[in-house]
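# Overview (structure and organization)
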Amino acid sequence: GFRYLGVYPTDADAVAHDADGNIIYNMEGKPLYMRYENADGYRFRGGDAIYADVNHDGLINELDIVRLGNSNPKFMGGFGSKLTWKNLVVTLFFHYRLGQDIVNMTKMNNENMYYRNNQSVSVLNRWRRQGDITNIPRALYNHGYNWLGSDRFVEDGSFVRFKSASISYSLKNIAEKISLKDLKLNFMVYNLYTWTGYTGVDPEVPMLSTDPFFIGEDKADTPPPMNYILSLNVKF
């Protein structure tokens, strides 16, 4: 995708620069303004998204597409512990994915201001007038290129999830009195907490290991709920 560099504060800022940061001028000595795809394409103005012009030709097109990340986690797994004290057993389990990049499609859809769909409250900080300094582009209905695939919508989806905890207590004294071999009271909790810097609803996006072109996309799938289970095991 493209490298996202923010929002042009004014129309005058949407000019092309060479590799040294100098403004590029046309044959008439006028500043060359950034355009999309080709020299006759859409002209970027104040309030439009700034995409990195990688080859410094004044155009934003496929030649400016770069690697933004990798959906495959660098590390994934789980760990836990089992603690026993007299008649009490406590079991804890965590699992994690580290170094995975996620395309936050939910954010892309909720901040594009391209259609008439409901939008996130973050768009209240959008560019509105010349000189505004913000990271959210202006609203353009069915027009413009302010929500192209870029690292604006790619986030580190690393997380550690407290997957489950269980407490088991053996009521041996009571079991013996009522002629039972064992009597256990169990309490289990699932999905207690997730540590992550990801801004979406759930960093644990589905993984398709059979698809070599898979891209981890967050489409606002419902995150796993916290569940409680209380049970009593009776052994005759």
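Our structure is the block above this text.
Below is a summary of the structure that appears in this document. (Residues numbered from 1 in each chain as written. Predicted model: local features only at pLDDT ≥ 70, side-chain atom pairs only at ≥ 80, totals over all residues. Heavy atoms only, no water.)

## Digging into the layout of surface pockets
- Looking at the largest pocket, its volume works out to about 240 Å³.
- In this structure, the largest pocket is lined by 13 residues; those nearest its centre are Leu68, Gly69, Val103, Val154 and Ile215.
- Split by residue class, the lining of the largest pocket holds 6 nonpolar, 6 polar and 1 charged. (1 Å grid on protein atoms, 1.4 Å probe; cavity = no way out; pocket = protein on both sides within 12 Å on 5 of 7 lines; lining within 4 Å. Points joined across faces, edges and corners; volume = space filled by probe spheres on them. Nonpolar A, V, L, I, M, F, W, Y, C, P; charged D, E, K, R; others polar.)

## As for the side chain of serine 168
- Relative to the assigned elements, serine 168 resides in strand S9 (residues 159-170).
- Looking at serine 168, its side chain comes within polar contact range of the side chain of asparagine 186, at 2.8 Å.
- Sequence-distant contacts of serine 168, that is, excluding residues within four places in its chain, are made with Asn87, Leu88, Val89, Lys184, Leu185 and Asn186. (Helix = DSSP H or I, 4+ residues; strand = E, 2+ residues; numbered from the N terminus. Polar contact = N/O pair within 3.5 Å; in protein donor to acceptor, adjacent residues only side chain to side chain. Contact = heavy atoms within 4.5 Å.)

## Examining the packing of aromatic side chains
- Under the definition given, this model contains 16 aromatic pairs.
- Relative to phenylalanine 94, the ring of phenylalanine 79 lies with its centre 5.0 Å away and its plane at 10°, an arrangement referred to as stacked. Residue phenylalanine 79 is found in strand S5 (residues 75-85), and its partner phenylalanine 94 is found in strand S6 (residues 88-98); the two are separated by 15 residues along the sequence.
- Look at phenylalanine 79 and you get partly exposed, because its relative accessible area is 43%.
- A residue is classified by how much of its surface remains accessible, and phenylalanine 94, at 16% relative accessible area, is buried.
- Ring pairing ties together the aromatic residues Phe2, Tyr4, Tyr8, Tyr36, Tyr42, Phe44, Tyr51 and Tyr145, which thus form one cluster.
- Lying across the ring of tyrosine 33, arginine 43 places its NZ or CZ 3.8 Å from the centre.
- Stacked on the ring of phenylalanine 159, the Lys or Arg arginine 161 has its end atom at 5.7 Å from the ring centre. (Phe/Tyr/Trp six-rings, centres within 6.5 Å; stacked < 30°, edge-to-face > 60°. Buried < 20%, exposed > 50% of the residue type's maximum accessible area, 1.4 Å probe, protein only. Lys NZ or Arg CZ within 6 Å of the ring centre and 35° of its normal.)

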